[in-house]
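Residue-level structural notes
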Amino acid sequence: MGTIVCQTCNGTIEHFEDEKVSVLYALCNHCDSKKEEDELVEL
């Protein structure tokens, strides 16, 4: 069993089948859209 965790808010995004227990990090939809908004404000 593996888990995908948001690297920004530490929320669980999804679980997946794996031979080992593992954790992968990604951006959830909420944090990804917030990041895009922040980049637009900087421009």
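Calculation rules
- Residues numbered from 1 in each chain as written.
- Predicted model: local features only at pLDDT ≥ 70, side-chain atom pairs only at ≥ 80, totals over all residues.
- Heavy atoms only, no water.
- Disulfide = S-S within 2.5 Å.
- Buried < 20%, exposed > 50% of the residue type's maximum accessible area, 1.4 Å probe, protein only.
- Helix = DSSP H or I, 4+ residues; strand = E, 2+ residues; numbered from the N terminus.
- Contact = heavy atoms within 4.5 Å.
- Pairing = 2+ DSSP bridges.
- Axes fitted to C-alpha atoms, helices over the stretch in contact; angles between N-to-C directions.

With that settled, consider the state of the cysteines. All told, the structure shown has zero disulfides when counted by the stated rule. Between cysteine 28, a cysteine without a disulfide, and cysteine 31, which holds the nearest cysteine sulfur, the sulfur-to-sulfur distance is 3.6 Å. Assessed through its relative accessible area of 14%, cysteine 28 is described here as buried. Exposure remark for cysteine 31: the relative accessible area of 10% places this residue in the buried category.

A word on the side chain of threonine 3. Within the secondary structure, threonine 3 is located in strand S1 (residues 2-6). When near neighbours in sequence (up to four residues on either side) are disregarded, threonine 3 contacts Thr12, Glu14, His15, Phe16, Ser22, Val23 and Leu24.

Read across the open sheet, the three strands follow the order S2-S1-S3; overall the sheet is mixed. Either end of the sheet is taken by a strand with one partner, and the two such strands are strand S2 (12-16) and strand S3 (22-26). Adjacent strand axes in the sheet meet at a mean angle of 20° when their direction is disregarded. Strand direction decides the pairing type here: S1 and S3, joined by five bridges, are parallel.

Burial analysis of S1 places four of its five residues in the buried class, the great majority of the element. Between S1 and the antiparallel strand that follows it, S2, lie five residues; asparagine 10 among them carries a positive phi value of about 60°.

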